[in-house]
Amino acid sequence: MGGDFYDFHFIDENHLCFVIGDVSGKGVPAALMMAVCKTLLKSKAGNDWSTASIITQVNIMLPRNACIP
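Residues numbered from 1 in each chain as written. Predicted model: local features only at pLDDT ≥ 70, side-chain atom pairs only at ≥ 80, totals over all residues. Heavy atoms only, no water.

Caption draft 1: Spatial organisation of the environment of Ile 11. Checked against the element boundaries, Ile 11 lands in strand E1 (residues 2–12). Distance from Ile 11 to Gly 46, taken between C-alpha atoms, is 6.3 Å for residues 35 residues apart in sequence. Ile 11 has contacts with Cys 17, Ala 45 and Trp 49, leaving out every residue within four places of it along the chain. (Helix = DSSP H or I, 4+ residues; strand = E, 2+ residues; numbered from the N terminus. Contact = heavy atoms within 4.5 Å.)

Here it is in structure tokens:
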């Protein structure tokens, strides 16, 4: 578990959202962090199409929802 992070989903029938990244660490904590990131990114992309805005909002939210001690 852990390592590369990639995901995609269709926002609507004409728009595709995709994310590529890397998660530091291994095991369950890294997998949990990827799951949290995936959920936050998908949630924010549904309401906002600005890449900068989505990433900024997710970066603000991650410390509050961090799974890694």
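Caption draft 2: Representation of the side chain of Asp 48. Inspection of the secondary structure puts Asp 48 in the loop between helix H1 (27–45) and helix H2 (51–65). Buried and unpaired, Asp 48 has no salt bridge, with Lys 44 as the nearest side chain of opposite charge at 8.1 Å. One polar contact links Asp 48 to Ser 53, side chain to side chain, over a distance of 2.4 Å. A distance of 3.3 Å separates polar atoms of two side chains, one belonging to Asp 48 and the other to Gln 57. When residues no more than four places from it in sequence are discounted, the contact partners of Asp 48 are Ser 53, Ile 54 and Gln 57. (Buried < 20%, exposed > 50% of the residue type's maximum accessible area, 1.4 Å probe, protein only. Lys, Arg positive; Asp, Glu negative; His and termini not counted. Salt bridge = Lys/Arg side-chain N within 4 Å of Asp/Glu carboxyl O. Polar contact = N/O pair within 3.5 Å; in protein donor to acceptor, adjacent residues only side chain to side chain.)

Caption draft 3: Just the nonpolar core, in detail. Formed by 15 residues in total, the largest nonpolar core has its most connected members in Phe 5, Leu 41, Val 58 and Leu 62. Every element with two or more residues in this core is listed here: strand E2 (15–26), H1 and H2. Once residues lying within four places of it in the same chain are set aside, the contact partners of Leu 41 are Phe 5, Val 19, Ile 54, Ile 55 and Val 58. (Core = buried A, V, L, I, M, F, W, Y, C linked by side-chain atoms within 4.5 Å.)

Caption draft 4: Spatial organisation of the pattern of salt bridges. All chains considered together, the criterion is met by one salt bridge. Taking the shortest distance from any N to any O, the salt bridge between Lys 38 and Asp 7 comes out at 3.9 Å. Of this pair, Lys 38 sits in helix H1 while Asp 7 sits in strand E1; the two residues are 31 residues apart in sequence, bridging distant segments of the chain.

Caption draft 5: Quick look at a nonpolar patch on the surface. A surface patch of nonpolar side chains, amounting to about 820 Å² of accessible area, comprises Tyr 6, Phe 8, Phe 10, Leu 16, Phe 18 and Ile 20. Counting through the fold element by element, Phe 18 comes out in strand E2. For Phe 18, a relative accessible area of 57% translates into the label exposed. (Patch = residues over 30% accessible without salt bridge, like charges linked within 9 Å, V, L, I, M, F, W, Y side chains within 5 Å. Areas by Shrake-Rupley, 256 points an atom, 1.4 Å probe, with all protein chains shown as cover.)

Caption draft 6: Broad picture of H1. Over its 19 residues, H1 extends 27 Å from the first C-alpha to the last, a length consistent with the 27 Å expected when each residue adds 1.5 Å. Of the positions making up H1, those classed as buried are Ala 30, Met 33, Met 34, Val 36, Cys 37, Leu 40, Leu 41, Lys 44 and Ala 45. Looking straight down H1, one finds that the buried residues subtend no more than 165° of arc, so they occupy a single side. (Expected span 1.5 Å × (residues − 1). Arc of directions from axis to C-beta.)

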